[in-house]
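If you want the building blocks of each chain, they are given just below.
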There are 2 protein chains.
Amino acid sequence: MTNMMSKPKVTIHDIAERLNITASTVSRALNDNPRISDVTKKAVLKAAKQLNYQPNNIAAALRNGKSHIIGVIVPTADRTFFSSVVRGIEEIANKLNYKVIICQSYDDYEKEVQTIDALLSARVDGIIASIGKNTENFKHYKRAQEKGVPLVLFDRTTEALDASQIVIDDYFGAYKVVEHLIQQGCTRIAHFTSPKKVSVFKERFRGYTDALRDNNIPFDEQLVVSSNLQLEDGRKSMEQLLQLKDIPDAVFSASDYGAMGAMQILKERKIKIPEEIALAGFSNDPFTSFTDPPLTSVDQLSITMGKVTAQIFFEHLNSAGSNNFSQKIVLKPEIIFRESTLRKQEK
Amino acid sequence: MTNMMSKPKVTIHDIAERLNITASTVSRALNDNPRISDVTKKAVLKAAKQLNYQPNNIAAALRNGKSHIIGVIVPTADRTFFSSVVRGIEEIANKLNYKVIICQSYDDYEKEVQTIDALLSARVDGIIASIGKNTENFKHYKRAQEKGVPLVLFDRTTEALDASQIVIDDYFGAYKVVEHLIQQGCTRIAHFTSPKKVSVFKERFRGYTDALRDNNIPFDEQLVVSSNLQLEDGRKSMEQLLQLKDIPDAVFSASDYGAMGAMQILKERKIKIPEEIALAGFSNDPFTSFTDPPLTSVDQLSITMGKVTAQIFFEHLNSAGSNNFSQKIVLKPEIIFRESTLRKQEK
DNA sequence: AGTGCTAGCGTAATCGGTTGCGCATTAGGG
DNA sequence: CCCTAATGCGCAACCGATTACGCTAGCACT
């Protein structure tokens with residue numbers, strides 16, 4: 001119950017006054033400048049502690065133009081994949097004494113533009129972003145780059161920007177899943193995809209078609225259903241497939257939620273998984289291991305992606321000015337085989 | 001590629017120079033000060049656009065001591081509950097033109113202390129936190145309060161601090177779940193709890209025992225299993241219960257993961273859920289709706305909690321100085337009834 | 001003694017806005 | 001026509017830390 005409204009506002013000047021030196025000496029002492037004697041340094045540290053001094057990063061940031069804050073933009077933070085990537089980024093950033101501002105675009109273009117603006121005004125030292133689904137114009141990102149703010153993209157990236165990007169090999173993941181389904185004896189494999197222009201879905205689709213082709217399985221347009229890939233979409237898409245004369249014997253969904261929707265329909269119709277229809281998703285969301293049967297999926301190595309992204313980002317940050325070319329890093333995803341696709345007895 | 005290293009650094013002085021006015025006028029014009037004529041305001045806005053001016057919040061923050069940034073500390077951002085709360089907070093904060101710095105303590109006391117320090121140095125306008133599991137000393141939070149930085153706690157709170165807190169009624173949630181189990185005909189109801197000193201588990205335990213007592217069901221110590229409540233713990237706890245002479249006919253786990261572990265064991269043993277043993281969890285993690293059978297759980301209204309927390313926080317922020325008492329807000333959780341406990345036919 | 005170094009610290013400008021105060025100019029009122 | 005009151009904007013201090021530059025004292029060396 002002491003008076004909480006006390007705001008001491010202790011500055012380096014207060015420390016200086018108390019020690020009969022100047023603020024510049026205090027500043028140097030606090031920054032461990034070699035030109036300051038150890039005696040003085042210790043006195044400063046001691047006085048700082050006594051006065052309960054709290055450095056003001058804002059003043060420092062204004063002076064040297066570095067805020068030591070980096071902005072991270074994700075479509076949404078409450079999806080496991082993104083929050084795990086953020087976790088990876090934070091881990092690296094914190095080690096380097098940087099703080100992270102997390103912003104969500106909610107896949108809304110306007111919000112994304114505003115966010116970039118807010119980050120630039122906040123004078124972040126750089127931006128790490130995963131582009132919103134509906135974003136097709138990248139001027140706001142370019143504006144940031146023109147102002148000298150490093151930009152690194154992950155997962156949802158674009159070739160329209162000259163920025164380093166870290167993605168997983170969606171093509172590879174999809175190809176391997178479909179190949180696996182074929183090995184399990186499936187021959188009519190459906191695919192849930194998204195009409196969005198986001199490259200990840202195009203890549204997964206390409207992996208799907210290539211795996212079919214390489215295994216001499218004809219591509220059937222009827223087996224490809226396009227939607228927003230949420231749970232409800234998965235349900236509808238599955239129902240649509242079940243109305244075909246010749247129903248599929250496997251479904252590879254480009255999202256776990258889509259696969260989950262399909263699973264619900266199949267179970268309601270008492271269709272056996274994987275015996276009658278095998279099911280695979282993409283992302284390895286935590287829930288996939290808890291479904292019945294557990295869902296085969298593609299793990300995106302989210303934490304690793306976060307760490308790698310942060311590393312690349314700081315490389316750019318530290319080599320600002322020197323010839324620093326954009327690079328594209330592709331991580332190989334890992335297929336998690338679970339019962340929803342295991343027709344043959346293992347071992 | 002054009003030269004990316006150009007950093008124009010346009011300031012209000014540049015705008016002022018171009019219009020033959022002073023920086024103060026530009027500043028006022030940009031802030032829509034009534035003492036500036038519309039003609040001048042429009043000219044300033046136009047020039048600002050032409051010069052591609054980007055306001056520097058750091059300078060403004062230094063001058064008026066408000067950074068318009070609030071710090072949020074959570075144990076971990078990749079758990080659905082916390083990331084949803086953060087989402088709620090962000091929604092409100094962004095509307096009020098505040099940005100949010102998210103920090104994770106990883107339930108590590110040292111990290112928590114450092115984080116508070118970093119946030120104070122970053123001169124955040126306030127802090128919203130959920131306390132780490134291992135934190136038993138709250139000096140760091142008190143330090144923040146003493147410096148006049150508003151503090152609001154949610155979910156993992158403490159009475160040791162004079163701060164507003166937003167929690168859910170764990171007692172109520174647990175009581176209602178157990179009551180529901182009894183209504184479904186269960187008479188030997190087991191409980192998974194945690195030995196941690198976190199109050200939420202104690203409250204859930206209290207709700208459990210009270211519901212039993214109020215329904216004249218004897219409390220049996222053997223039916224209470226204490227663990228860390230993760231998936232593996234749930235499995236072990238369930239196995240332990242199944243070795244009793246008189247096995248339970250229901251399990252109420254204080255966490256969803258614990259319940260999921262139990263479900264796995266029951267399914268492996270071909271024990272029917274809910275007919276032989278009913279199962280309920282706590283938190284309503286997204287996966288609970290995808291299990292088979294879907295798991296009854298207690299929804300913690302995470303997004304609501306985030307919004308309410310933010311509202312309370314901003315109330316404190318805006319009434320800084322005036323007599324502003326700490327309040328404790330208790331949200332009623334919502335029981336989500338699913339098939340894992342529904343023995344009787346509904347309708 | 002004179003010269004050159006270096007260690008150790010001070011001076012003052014600077015980062016980019018913000019704002020209390022003050023000064024003109026014009027409008028309005030008597 | 002004089003006086004008061006707005007209106008519109010400039011002046012300059014200020015927020016707190018950083019840093020280029022410079023000054024002084026002390027020591028070594030010739």
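Numbering of residues begins from 1 in every chain and follows the order in which that chain's sequence is written. Naming scheme: in the order in which they are written, chains are lettered from A and ligands are numbered from 1. A pLDDT threshold of at least 70 governs which residues receive local features in this predicted model, and a stricter bar of 80 or more applies before side-chain atom pairs are shown or counted, although totals over entire chains, interfaces and linings include all residues. Hydrogens are left out, water is left out, and the side-chain values use all remaining heavy atoms of the structure.

Now for the domain arrangement of chain A. For each domain, the first and last residues come from an automatic or database assignment. As far as domains go, chain A holds domain 1 (12-55), domain 2 (66-168 + 302-332) and domain 3 (170-300). Relative placement of domain 1 of chain A and domain 2 of chain A: their C-alpha centres are 37 Å apart.

This paragraph deals with the protein's contact with DNA strand D. A cutoff of 4 Å decides nearness: a residue is near a molecule or strand if any of its heavy atoms lies inside that distance of it. Near DNA strand D there are 25 residues, and of these Tyr53 and Arg63 of chain A together with Thr25, Arg28 and Thr40 of chain B occur at the shortest range. What you see for DNA strand D is that sugar and phosphate hold 55% of its atoms within 4 Å of the protein. Within 3.5 Å is the distance limit for a polar contact, defined as a pair of N or O atoms, with the added protein rule that one can donate a hydrogen and the other accept it, and that residues adjacent in sequence qualify only through two side-chain atoms. Contact distances for DNA strand D include 2.6 Å between a phosphate oxygen and a side-chain N or O atom of Tyr53 of chain A. Here a phosphate oxygen of DNA strand D and a backbone polar atom of Ser37 of chain B are 2.9 Å apart. For helices the rule is a DSSP run of H or I covering at least 4 residues; for strands it is a run of E covering at least 2, with both sets numbered from the N terminus onward. Top element by residues in the surface near DNA strand D is helix H4 (residues 57-64) of chain A. It accounts for four residues. Throughout, the ten residues Ala, Val, Leu, Ile, Met, Phe, Trp, Tyr, Cys and Pro are labelled nonpolar, Asp, Glu, Lys and Arg are labelled charged, and all others, Gly among them, are labelled polar. Tallied by class, residues from the surface near DNA strand D come to seven nonpolar, 13 polar and five charged.

Right, let's talk about the protein's contact with DNA strand C for a bit. DNA strand C sits among 26 residues. The nearest are Ser24, Thr25, Arg28 and Thr40 of chain A together with Arg63 of chain B. Within the side chain of Arg63 of chain A, an N or O atom sits 3.0 Å from a base oxygen of DNA strand C. A distance of 3.2 Å is found between a base oxygen of DNA strand C and a side-chain nitrogen or oxygen belonging to Arg28 of chain B. Of all the elements in the fold, those that place two or more residues in the surface near DNA strand C are helix H2 (23-30) and H4 of chain A together with helix H1 (12-19), helix H2 (23-30) and helix H4 (57-64) of chain B. Here the surface near DNA strand C takes four residues from H4 of chain B, the largest share from any one element. Residue classes in the surface near DNA strand C are distributed as seven nonpolar, 14 polar and five charged.

All names here are of chain B. Regarding H1, the residues found buried are Ile12, Ile15 and Ala16. Taken end-on, H1 shows its buried residues confined to a sector of 100 degrees, consistent with a single buried face. Along H1, exposed side chains directed more than 90 degrees from the buried face belong to His13 and Glu17. Contact between two residues is taken to exist if any of their heavy atoms lie within 4.5 Å; hydrogens are not considered. Here the buried face of H1 lies against H2 and helix H3 (38-51). Each residue's exposure class comes from its accessible area (1.4 Å probe, protein chains only) as a fraction of the maximum for that residue type: buried when under 20%, exposed when over 50%, partly exposed otherwise. Arc definition: it is the arc formed by the directions from the helix axis to the C-beta atoms.

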